[in-house]
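What the coordinates show
The lines below spell out each chain.
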There are 2 protein chains.
Amino acid sequence: MRETDSRQSGPASQQGMRRANLALVLGQIAQGPRSRAEVAAATGLTRAAVSSLAEELLTAGLLSEAGPATPSGKVGRPGTALGLAPDGPGGLGAEIGVQHLAACVVDLRGEVRSWHRMEIRNQGRLPALVFADLAGLLRRAAEESGLRPAGLTLAVPGLVGAAEGMVERAPNLGWAGLPAAAELRLALRACGAAELSALPIEVDNEANLGGLAELWLGGRPGDFVHLSAEAGIGSAIVVGGRLLRGARGFAGELGHVPVRPDGPPCACGARGCLEQYAGEAAVLRAAGLADVRGDWVALLADRAAAGDEAVLAALAGAGAALGIAATGAVNLLDPAELVLGGGYTELAPWLLPAMRAELAARVTVRPWSDDWLTVSGLGRRGPLLGAAVGVVRAIVADPGRFAGRGSDSD
Amino acid sequence: MRETDSRQSGPASQQGMRRANLALVLGQIAQGPRSRAEVAAATGLTRAAVSSLAEELLTAGLLSEAGPATPSGKVGRPGTALGLAPDGPGGLGAEIGVQHLAACVVDLRGEVRSWHRMEIRNQGRLPALVFADLAGLLRRAAEESGLRPAGLTLAVPGLVGAAEGMVERAPNLGWAGLPAAAELRLALRACGAAELSALPIEVDNEANLGGLAELWLGGRPGDFVHLSAEAGIGSAIVVGGRLLRGARGFAGELGHVPVRPDGPPCACGARGCLEQYAGEAAVLRAAGLADVRGDWVALLADRAAAGDEAVLAALAGAGAALGIAATGAVNLLDPAELVLGGGYTELAPWLLPAMRAELAARVTVRPWSDDWLTVSGLGRRGPLLGAAVGVVRAIVADPGRFAGRGSDSD
């Protein structure tokens, strides 16, 4: 007694259902190797259906036979456990920082198979040169991994707009209105990486990708705010397990939240933004290290560990400003956790005391606990991991789309 | 060729499908009266199915025959248009303010059928007395409406926790840990309103309900921040058409976002919170009207309209502080609009210039336009409307649940 029209029983719907079931099966196996019988029990699909779906996923190179399954105590032939294929399609991540470039490949299970980093000052450099260096790094990372990447995501320290692959503004790089995906595709073609230049390329803000890495790999709850520093300051707001991107894609600009409205002028044109207290330039200036180049995070951490008074005071000041800005975020968003990530991870021992003190003094109309301010385990690796892992997660979430695409080109 | 088990074809699933189809039909008709044929065309259900579902909704008192449908130009008997029943179940809203109580009933279409308000200072008053007065108001509102309410939602100026119907903190009322739903139920029983005391009772923060009213009735996009003043300051954050409640239900506490971290001490224990610049007491103090009681919003609006210099300066200061706090919200959340609501609606002419100036000067790393700061058309009626309309929207969203419940008690 189905009351709807019979539209759902046409061939289109059979394809849609098979595609959904491919995702159901692969999603189960992504949680850890298991036998066809276990997959059938967990999904409610018949064993015959699971076998047929698994066959398709094996053929597409997404699954592999991972050895005998854990004995189930039942009579009969022991099942073979299926796992995500370690030699299946990979995820290619790229990162453009103010002082570095990086590329990595993860396999379907999210494990890092290659990782390359290059220290180079990109600020004010001709974008074409930046992309040429990055293309070379990506080519090496892909070759070394031995995997065939299925997609590429680029992390940039800037605002990525609604237009696909377009960096609206990256003040710390000196970029505005740069079609980053198109530039990267050209550079990959120019360096002879034809297969890589044919990949789907996405571009995202590095703070967003760092937050997603924390969600996917950091074992965080589904509601948190991830505060991170590269040259600028960014944040990622995760609500109900999803990244909050905002109406126009610009959410998470923590660095320009006003901390002291009459404070020092900011490069953005406003006054007293968080970046004027806790950004790279501000902290180095406060520590009397204004002319330093290179890895500012490592330098500050070294000097703080050595007891340098000026550096300790500068980091305490940055921690207090972070605490004030974080108070606003907690009052507005009520996250389960605040996570200090990116470069702040390595500086956490000297930032946290002042940050905790501000939060304790200011978050008073609602409960707050020191335990809800935590430190990322991924640190500065977060954005690049998020970029690469996002590619393979998209495959696992919808293997039918990948299998369809793969069979055209294989 | 369905590959799943046959579990979906059991009787439970037929009931589930009928329930979903009841919602589909009622949802169509909620957009405006239409004939059975129009509903069938829009939903993809057969005409026979629509007739059967409509019959059930008519019997449950949710639909009524609304006269001949617009002629479709087709041959044959003209269909009768079905509309939401104006004499169907109603939504009962209640509001406890610092200086007033209010109750209203809306019909299924969301139209107000009765509205009662009582000016009374509730701050520090024994909660049982507050609830006794409110129960009397609710009883009158229900009687006057001629409708049978299907549920009751109470708006309070405080933090409502995860525990059902519990007000964790309402500093402006002097409440902490008050089981508001249970108190209201007792008071309704005590005043002889037995049917009302048997209703499902929900309690929510008044700023949340004001924001929901703006979403449902104000024609807003699905991503906005609603800033409102009662005695305190609250906000509602709407993302993708849904209210962001936060991990523990405390999101939207805009009033305690730090504006000037070294500013005046706030009753919450922190310093320089927005409430110290744009809350009732702060604005009255700045205007030299510290001892005023009664309707502070109307008083300020009258004096500002008359050109009172001190009031104009106080409102400009409040507008500037609102602009600074709103800058933080815009940078974090990237809403499509900021909406000034509640008591701020009537003060908007004098708040907006300073607020716009701060936003223009401070929101610089991403686009911002004066047009994205708007004023609510609902004003101080918002929270009570949101409370009452939420009840009927829940019925329209799942009429099967209501029809099932109604048939037990009728």
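As shown above, the structure is provided for reference.
Residues numbered from 1 in each chain as written. Chains lettered and ligands numbered in written order. Predicted model: local features only at pLDDT ≥ 70, side-chain atom pairs only at ≥ 80, totals over all residues. Heavy atoms only, no water.

A few words now on the overall build of chain A. Within chain A one finds 14 helices and 16 strands. Relative to a compact globule of 410 residues, whose C-alpha radius of gyration would be 22 Å, chain A shows 24 Å and is just as compact. Projected onto the principal axes, the alpha-carbon positions of chain A cover approximately 70 × 55 × 50 Å. The buried share among the 410 residues of chain A stands at 56%. A sequence separation of at least 24 residues applies to 62% of the contacts in chain A between residues at least 6 apart. With an accessible surface of roughly 16500 Å², chain A has 53% of that area assigned to carbon and sulfur atoms. For chain A, the distance from the average position of its 37 positive side-chain charges to the average position of its 42 negative side-chain charges is 4 Å. (Helix = DSSP H or I, 4+ residues; strand = E, 2+ residues; numbered from the N terminus. Rg over C-alpha atoms; globule rule 2.2 N^0.38 Å. Buried < 20%, exposed > 50% of the residue type's maximum accessible area, 1.4 Å probe, protein only. Contact = heavy atoms within 4.5 Å. Areas by Shrake-Rupley, 256 points an atom, 1.4 Å probe, with all protein chains shown as cover. Lys, Arg positive; Asp, Glu negative; His and termini not counted. Charge placed at Lys NZ, Arg CZ, Asp CG, Glu CD.)

Here we take up the sheet that holds strand 8 (residues 159-160) of chain A. Residue and element names in this part refer to chain A. Strands sit in the order 8-9-10 across an open sheet of 3 strands; the sheet is antiparallel. Since the sheet does not close on itself, it has two edges, and those belong to strand 8 and strand 10 (175-179), each with one partner. With 2 bridges joining them, strand 8 and strand 9 (residues 166-170) adopt antiparallel strand pairing. Its bridge partner lying in strand 9, Leu159 is registered against Arg169. (Pairing = 2+ DSSP bridges.)

Its rotation angle being 180 degrees, the transformation that places chain B on chain A also includes 0.0 Å of axial translation and leaves an RMSD of 0.1 Å. When the rotation and shift are considered jointly, the pair of chain copies conforms to a two-fold rotation axis. When C-alpha positions in chain B are compared against the rotation axis, the closest is assigned to Arg260 of chain B, at 2.9 Å. (Least-squares fit on C-alpha atoms with pLDDT ≥ 70 in both.)

The next point concerns the packing of aromatic side chains. A complete count under the given rule lists 4 aromatic pairs over all chains for this structure. Note on Phe131 of chain A and Trp175 of chain A: the rings are 5.6 Å apart at their centroids and 25 degrees apart in plane angle, and the pair reads as stacked. With a gap of 44 residues between them, Phe131 of chain A in helix 4 (residues 127-145) and Trp175 of chain A in strand 10 connect regions that are remote in the sequence. Of note, Arg248 of chain A hangs over the ring of Trp372 of chain B, and the distance from its end group to the ring centre comes to 3.4 Å. (Phe/Tyr/Trp six-rings, centres within 6.5 Å; stacked < 30°, edge-to-face > 60°. Lys NZ or Arg CZ within 6 Å of the ring centre and 35° of its normal.)

This brings us to the packing of helix 4 (residues 127-145) of chain B against helix 5 (residues 180-190) of chain B. The description of two helices packed together rests on the angle between their axes and the distance between the axes. Residues and elements named next belong to chain B. Their axes nearest at 8 Å, the elements helix 4 and helix 5 cross at an angle of 60 degrees. Overall, the two elements helix 4 and helix 5 adopt an arrangement that is oblique. Considering how the two elements wind past one another, helix 4 and helix 5 form a crossing that is right-handed. Where helix 4 approaches helix 5, its residues Ala128, Phe131, Ala132, Leu134, Ala135 and Leu138 are matched on the opposing element by Ala180, Glu183, Leu184, Ala187 and Leu188. Class assignment for the residues of the contact of helix 4 with helix 5 results in 10 nonpolar, no polar and 1 charged. (Axes fitted to C-alpha atoms, helices over the stretch in contact; angles between N-to-C directions. Parallel < 35°, antiparallel > 145°, perpendicular 65-115°, else oblique. Left-handed = near helix turned anticlockwise from the far one by under 90°. Nonpolar A, V, L, I, M, F, W, Y, C, P; charged D, E, K, R; others polar.)

The next point concerns the state of the cysteines. Residues and elements named next belong to chain A. A full pass over the atoms with the stated rule returns 0 disulfides over all chains. Here Cys191 is not cross-linked by a disulfide; its sulfur's nearest cysteine counterpart is in Cys104, at 17 Å. With no disulfide of its own, Cys273 lies closest to Cys268 among cysteine sulfurs, the gap being 3.7 Å. (Disulfide = S-S within 2.5 Å.)

Quick look at the sheet that holds strand 16 (residues 373-375) of chain A now. Strands in a sheet are paired, the pairing made by backbone hydrogen bonds, and the direction either parallel or antiparallel. All names here are of chain A. Taken in spatial order, the 5 strands line up as 14-13-12-15-16 in an open sheet, and their pairing is mixed. The open sheet terminates on both sides in strands that have one partner only, identified here as strand 14 (242-243) and strand 16. When strand 13 (residues 233-239) meets strand 14, the two strands line up antiparallel, connected through 2 bridges. Considered in strand 14, the bridge of Val238 is made with Leu243. The sheet contacts of helix 7 (residues 206-217) involve strand 12 (224-229), strand 13, strand 14 and strand 15 (337-342), and relative to strand 12 the element is tilted by about 130 degrees.

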